[in-house]
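Residue-level structure breakdown
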Amino acid sequence: MKSHTESEENYLKAVFSLLPEQSDEQGMVHTNAIAQHLGTSAASVTDMVKRLSDKGLLVYKPYRGVSLTLAGQKIALNIVRKHRLWEVFLVEKLGFSWDNVHDIAEQMEHINSPELIRRLDTFLEFPKFDPHGDPIPSETGEIQTRETYRLNEIKAGQAVTLVGVTSDESNFLQYLDKLGLNLGAKILVTDRIPFDNTLQVQLGDLQIMLSGKVASCLDVMKEA
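Described below are features of the structure shown in this document.

Cut-off values and rules
- Residues numbered from 1 in each chain as written.
- Predicted model: local features only at pLDDT ≥ 70, side-chain atom pairs only at ≥ 80, totals over all residues.
- Heavy atoms only, no water.
- Axes fitted to C-alpha atoms, helices over the stretch in contact; angles between N-to-C directions.
- Helix = DSSP H or I, 4+ residues; strand = E, 2+ residues; numbered from the N terminus.
- Parallel < 35°, antiparallel > 145°, perpendicular 65-115°, else oblique.
- Contact = heavy atoms within 4.5 Å.
- Nonpolar A, V, L, I, M, F, W, Y, C, P; charged D, E, K, R; others polar.
- Patch = residues over 30% accessible without salt bridge, like charges linked within 9 Å, V, L, I, M, F, W, Y side chains within 5 Å.
- Areas by Shrake-Rupley, 256 points an atom, 1.4 Å probe, with all protein chains shown as cover.
- Salt bridge = Lys/Arg side-chain N within 4 Å of Asp/Glu carboxyl O.
- Pairing = 2+ DSSP bridges.

Here helix H1 (residues 6–18) crosses helix H4 (residues 70–92) at 90°, and the two axes come no closer than 9 Å. By the angle between their axes, H1 is roughly perpendicular relative to H4. Here Glu-9, Leu-12, Lys-13 and Phe-16 of H1 lie close against H4, whose contacting residues are Gly-72, Ile-75, Ala-76, Leu-77, Ile-79, Val-80 and His-83. Classifying every residue of the contact of H1 with H4 gives 7 nonpolar, 2 polar and 2 charged.

Here we take up a nonpolar patch on the surface. Taken together, the side chains of Ile-193, Phe-195 and Met-209 make up a nonpolar region of the molecular surface, amounting to roughly 360 Å² of accessible area. The topology assignment puts Ile-193 in strand E5 (residues 186–193).

Turning our eyes to something else, we now look at the sheet that holds strand E8 (residues 218–222). In a beta sheet, neighbouring strands are held together by backbone hydrogen bonds and run either parallel or antiparallel to one another. Spatially, E3-E8-E4-E5-E6-E7 is the arrangement adopted by the 6 strands of the open sheet, whose pairing is antiparallel. Either end of the sheet is taken by a strand with one partner, and the two such strands are strand E3 (149–150) and strand E7 (206–210). Sheet topology places E5 next to strand E6 (residues 198–203); 5 bridges connect them, and they run antiparallel. Paired with Ile-193 across the strands is Thr-198, a residue of E6. With respect to the sheet, helix H7 (residues 170–179) is in contact with strand E4 (159–165), E6, E7 and E8, its orientation differing from that of E4 by roughly 150°.

Before going further, it helps to spend a moment on the pairing of E7. Across 5 bridges, E6 lies against E7 in antiparallel orientation. Bridged to Leu-203 within E7 is Leu-206. The antiparallel hairpin formed by E6 and E7 contains 2 residues in its connecting segment, where Gly-204 sits at a positive phi of about 65°.

Below, the structure written as structure tokens:
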């Protein structure tokens, strides 16, 4: 039986998700960032992080924020692993679209059956990345890394491959589908408008314009 609740798991996963972009130089995540991420009050976050600190899952420093202990990191990685494996299953085996799996996986990630997850991983042939391009932690907590860039960082003339997205909001993913921007898409940056960082890119035979905001949410790998 689990010694932690679904709510506690959600908080640990939130802290993990906010690393490293929302953490300071010491790896501390501010409670306000957690509150915004979870859509809850700062007071509720403070109560929960104190509880998780008492359980040895977080290090909490008032007015500074929190960081994961090794025990907390292990739990967070396991939740993230389950979530991303379920997303792969929903997309590849049940035919769900990539914009329609996050909420379902949020429910399924709390199933506490290590054997089920081992068999799921085997059934899916040990995927390394989920349908949004996020790495799937191994059973031992290892995460495969790769050198990626945000598309808005890419200079004109550079060819890249789309390998991930930083937002799983349905309207954003549906917009990418409409443009034909799916994982694996080959993109050539042909021009940049300095005023607002809009990019002109070539996608197959199409020339399309991408706002700086959209481009900042796309992870790409450079072509040799």
